[in-house]
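Each chain is listed here by its residues.
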Amino acid sequence: MSAAVDFSTDLCGVALRNPILLASGTCGYGTELEGFINLNELGGIVCKSLTLEPRSGNPPPRITEVPAGMINAISLENVGVEAFIKEKLPVLPKGLPVFASAFETEIDRYAEVCARLDGAPGVAAIELNASCPHVKSGGIEFGQDPQVLAALVRACRAATDAKLLVKLSPNVTSIAEMARVCEGEGADGLSLINAVQAMAVNVETRRPALPNVLGGLSGPAIRPIALRMVYQVRQAVDLPICGIGGIATGEDTVAFMLCGASAVQVGTMTYTNPEAGLVIRDQLAAYCARHGVAAVRELIGALEK
Amino acid sequence: MSSAAKHILGRVIESGPLGIRVQAPGWAGHRPGQFAMLTLNPDPHYPDPLLPRPMAVYRGKGEELEFRFKIVGRGTARLAELVPGSSIGVLGPLGNGFPDPSGSTILVGGGTGIASLYEYAKAHPDDVRVILGGRSHADILGLDDFQTLGVPLAIATDDGSLGERGLVTDLLKPDSNDSVFVCGPWPMMRAAYQIASDAGSRCLVSLEAHMACGIGICLGCVVATDQGFRYVCTHGPVFDAERVDWEHAL
C-alpha cells in the first residue's frame with residue numbers, strides 16, 4: 001500500500017481511517033472475522049441488525065445463488081440489542097468505528113432499540129435498517145412508503161443523540177424522494193442500497209428456491225442499480241452517503257465515490273473471501289497511486305460529465 | 001471456531017468430473033471430517049459463480065488437498081473444468097470434524113458423503129468398520145482407497161452392481177458399544193440414526209447445507225436442533241444425531 005496516499009474520510013462526523021466498511025449482515029459482530037483480518041485496518045464495520053429481543057430467523061434453506069449474486073431470506077437472526085451491548089461491543093478492538101444497525105417491526109420498537117444504543121460505549125453511529133416489512137402497512141417495507149419512513153426517522157431521531165444513518169431500501173419508485181424524507185427528518189447520513197427484492201425458482205421441483213419465496217438479492221448483480229441510486233441521491237440531498245451494493249474491487253469503490261459516496265460498505269464479497277475488505281482497500285490504494293490521487297476524499301463526487 | 005483457518009490462493013493440480021486436487025500453500029492441516037470452501041473465481045472482477053463451495057477434504061498430504069464430488073450444478077461443473085495451474089481460493093480448515101474413536105466405530109457413507117469418511121478410516125484402521133452405499137458401482141467413490149486400507153468393508157448398491165443389492169442401512173447392525181458415524185443423503189442419515197438409536201449406539205452425522213461463507217457470518221447454513229438453529233459451518237458439520245430435529249432440520 002502506498003504510504004503517500006491519504007485514505008482518511010468522514011461519514012457524518014465519524015472519522016474513518018479509510019473508506020472501506022463492512023456491511024451489516026455480512027460481518028457478524030466483527031469478532032467472527034478476527035482470525036482472518038485485523039479489523040482495525042478497516043474503515044469500520046456495521047454489525048448485524050439488532051432487535052429488542054433475540055431473533056432466531058427463518059428455517060432453512062435460507063440462501064440461493066444466482067448469476068453474480070445470491071438471494072437470502074435469513075430474516076435478521078440476531079442476539080438482541082442487550083446481548084450486543086454487554087457481550088459483543090466490549091470485545092471489539094478499541095479505535096474501530098462500529099456502526100450498530102437497528103431494526104424492528106414497529107416504529108416505537110425501532111426507537112427503543114435506538115434509545116438502548118444511545119451512549120453505548122464503542123458505538124460510533126446507528127444505521128437504521130429500513131427494509132423491514134411494516135405489519136401495520138400491510139407488510140410493505142418501512143422504507144417503501146415516504147410517510148412511514150418519515151415517521152420512523154422522526155421517532156428514532158427523537159430517541160437518540162447518536163449519529164443516525166438511514167439505510168435505504170432500493171425497492172421504491174423514487175430513491176431521491178426517500179432520501180429527501182430522511183434529510184427532512186434530521187438523519188445525519190444515508191446508506192444505500194439494501195438488498196433488492198428478488199426470487200428464484202427451482203424448475204425441477206417447480207417450487208420457489210427458498211421456502212420464504214421472496215428474498216433479498218445482493219452481490220455484484222445489483223451493483224449498477226446501487227450506483228445509479230447513489231448518483232440520484234447525490235443530486236437530491238446534501239447528506240453524506242455510504243455506498244453499498246456488490247462492491248467487489250477497488251475500482252468499484254472509486255465508482256461509488258465518484259458518484260458521491262463518502263465511504264462504501266463491502267457486503268456479499270466477504271463471503272467469498274473474509275479478507276475481501278482489505279483486498280479492496282489495497283486495490284483502491286493502487287488506483288490512487290496510478291492516478292496520482294493524493295487524498296481519497298478528492299474522489300467524492302468527482303464524476304466528470 | 002477453527003483459528004487455524006486461512007484464506008489461501010491455491011493452484012489446481014488436476015481436476016475432472018469426479019474431483020479436484022489443489023496445492024494450498026500454508027494449509028494448516030486438518031482433522032478427518034473438516035472441510036474447505038473452494039472459490040472458483042478468486043479474481044473478484046469476474047465474480048460468477050459467486051459463492052465458494054463447501055467440500056469435505058477427502059485426503060490431504062501437507063499442502064496438497066484432494067476433494068471428491070459429483071457434478072450437480074454450476075459450481076461443480078465449473079470446478080470439474082478447471083485446468084492445471086488455475087487459481088482457486090481455498091478457505092480452511094473449517095468445521096469441527098469427527099472426534100477420535102472411543103472404541104469400535106462404524107463409518108457409514110452414501111454417495112459423495114463417502115468423501116468425509118476416508119481420512120478417518122485411514123487414521124484409525126484398527127477401530128473402524130466401513131459400510132458404503134450408492135445407486136450403483138460408479139457412485140462408490142474411493143473404493144480402491146478403502147480396499148487398500150484393509151479395513152472391514154461392506155458395500156450396498158441400489159442396483160446390485162457392487163456388493164449387496166439394497167441400502168447401506170440394510171447392512172448396519174451396530175451394538176451398543178459401537179459408535180456410528182454417518183455422512184450421506186438426508187434419508188440415509190436419518191435411517192442410520194434410527195438403527196443406531198434402537199441399538200443404543202452413539203451416532204454422529206456430518207451434515208451438508210447451502211452455505212455462503214463457511215465461517216459463521218452469512219447464517220445461511222442453519223440446521224434445526226434441540227438447541228434451536230445451529231450453523232453447519234461452525235457448530236458442525238458433525239452433529240450428535242440425537243440433537244438434530246430430524247422432522248424440521250434442513
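Structure's up top.
It should be emphasised that the depicted structure is a prediction, and the values quoted were computed from it without experimental measurement.

> Looking at this structure, I do not really get the packing of aromatic side chains. What am I missing?
Any two aromatic rings considered together are summarised by their centre-to-centre distance and by the angle between their planes. Counting across every chain of the model gives nine aromatic pairs over all chains. Here Arg62 of chain A stacks its cationic end above the ring of Phe229 of chain B, 5.1 Å away from the centre of that ring. One residue, Arg68 of chain B, lies across the ring of Tyr58 of chain B, its end atom 4.5 Å from the ring centre.

> Help me out: how do you make sense of the state of the cysteines in this one?
A disulfide bridge is the covalent bond that connects two cysteines by way of their sulfur atoms. Summed over the entire model, instances satisfying the criterion amount to zero disulfides over all chains. No disulfide involves Cys47 of chain A; its sulfur sits 5.8 Å from the nearest other cysteine sulfur, which is in Cys27 of chain A. Cysteine Cys221 of chain B is unpaired, with the sulfur of Cys233 of chain B as its nearest cysteine sulfur at 3.7 Å.

> How should I be thinking about a nonpolar patch on the surface in this particular structure?
On the surface, a nonpolar cluster with roughly 440 Å² of combined accessible area is contributed by Met199, Val201, Val203, Val213 and Leu214 of chain A. Looking at the secondary structure, you find Leu214 of chain A in strand E14 (residues 214–218).

> Just checking my understanding: could you explain the pairing of strand E2 (residues 19–23) of chain B for this structure?
Within a regular strand, the side chains alternate between the two sheet faces. All names here are of chain B. Sheet analysis places strand E1 (residues 6–16) next to E2, joined by five bridges and oriented antiparallel. Within the sheet, the bridge partner assigned to Gly16 lies in E2 and is Gly19. Hairpin remark: E1 followed by E2, antiparallel, with two residues in the connecting loop. Bridge count between E2 and strand E6 (residues 64–68): five bridges; the pairing is antiparallel. What sits directly across from Ile20, in E6, is Phe67.

Cut-offs used in this document
Residues numbered from 1 in each chain as written. Chains lettered and ligands numbered in written order. Predicted model: local features only at pLDDT ≥ 70, side-chain atom pairs only at ≥ 80, totals over all residues. Heavy atoms only, no water. Phe/Tyr/Trp six-rings, centres within 6.5 Å; stacked < 30°, edge-to-face > 60°. Lys NZ or Arg CZ within 6 Å of the ring centre and 35° of its normal. Disulfide = S-S within 2.5 Å. Patch = residues over 30% accessible without salt bridge, like charges linked within 9 Å, V, L, I, M, F, W, Y side chains within 5 Å. Areas by Shrake-Rupley, 256 points an atom, 1.4 Å probe, with all protein chains shown as cover. Salt bridge = Lys/Arg side-chain N within 4 Å of Asp/Glu carboxyl O. Helix = DSSP H or I, 4+ residues; strand = E, 2+ residues; numbered from the N terminus. Pairing = 2+ DSSP bridges.

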